[in-house]
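Okay, here's what each chain looks like letter by letter:
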Amino acid sequence: MPSTPASSDLPAPAGAPAEAGLLDALQHQVAVFARRAEQTRLGGVGQARNSMDRAAYLLLNRLDLEGPMGVKALAGGMGIDSSTVTRQVAPLVDSGLVKRTSHPEDGRAVVLALSPRGLARLEEVRSSRRELMARVTDGWDEEEREAFTGLLTRFNVSLSELMSAGSEPGSEAGPAS
């Protein structure tokens, strides 16, 4: 049975032009989503819930999808700096989820690779998160799930592009030409 949203989850009354009201509602819903995501960490269900932080999940997922790579490539692909990746990957190496190996073409260089243990753990978390998404969207049909996924992907890509262009969200000026 769906619960009624708290009053803090509802957009403020619209008194502005339609576009401003819609953008206000959008920013409000993004803020609510961020809060809900942080509260649940969208970690899944069962024992795997909240058992892997966002940074670890994103790093392991990228290594699984794109294969072994160096710190700079991993950082570039994730839109963060190398020192952040180095700091985030250290506990993954220590716990055996990621392994450091020699670059296949340059034995002096080091690449990060998902270990078999890391892949098993990632699959466990993915399964748990998949179950959570199934529960959250239980009343949705396939078309609604596809539309939401497409729009959320588009939103994330647009936000990433805006941030990588050096523009601050909310600023009037776009990226320099």
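Refer to the structure above for everything that follows.
Here the structure is a predicted model, which is why all the values come from computation and not from measurement.

Here the structure, examined in full by the defined rule, presents five salt bridges. A salt bridge links Arg126 to Asp64, with the nearest nitrogen and oxygen atoms 2.8 Å apart. Here Asp64 lies in helix α2 (residues 54–66) and Arg126 lies in helix α5 (residues 116–136), a separation of 62 residues in the sequence. Overall, the relative accessible area of 28% leaves Asp64 in the partly exposed class. Of the charged contacts in the structure, one is a salt bridge between Glu123 and Arg126, with a shortest N-O distance of 2.7 Å. Linking Glu123 with Arg126, this pair stays in helix α5, spanning three residues, or about one helical turn. Arg126 gets classed as buried once you look at its relative accessible area, which sits at 14%. Residues joined by salt bridges that share partners form a network here, namely Asp64, Glu123 and Arg126.

The rules behind these values
Residues numbered from 1 in each chain as written. Predicted model: local features only at pLDDT ≥ 70, side-chain atom pairs only at ≥ 80, totals over all residues. Heavy atoms only, no water. Salt bridge = Lys/Arg side-chain N within 4 Å of Asp/Glu carboxyl O. Helix = DSSP H or I, 4+ residues; strand = E, 2+ residues; numbered from the N terminus. Buried < 20%, exposed > 50% of the residue type's maximum accessible area, 1.4 Å probe, protein only.

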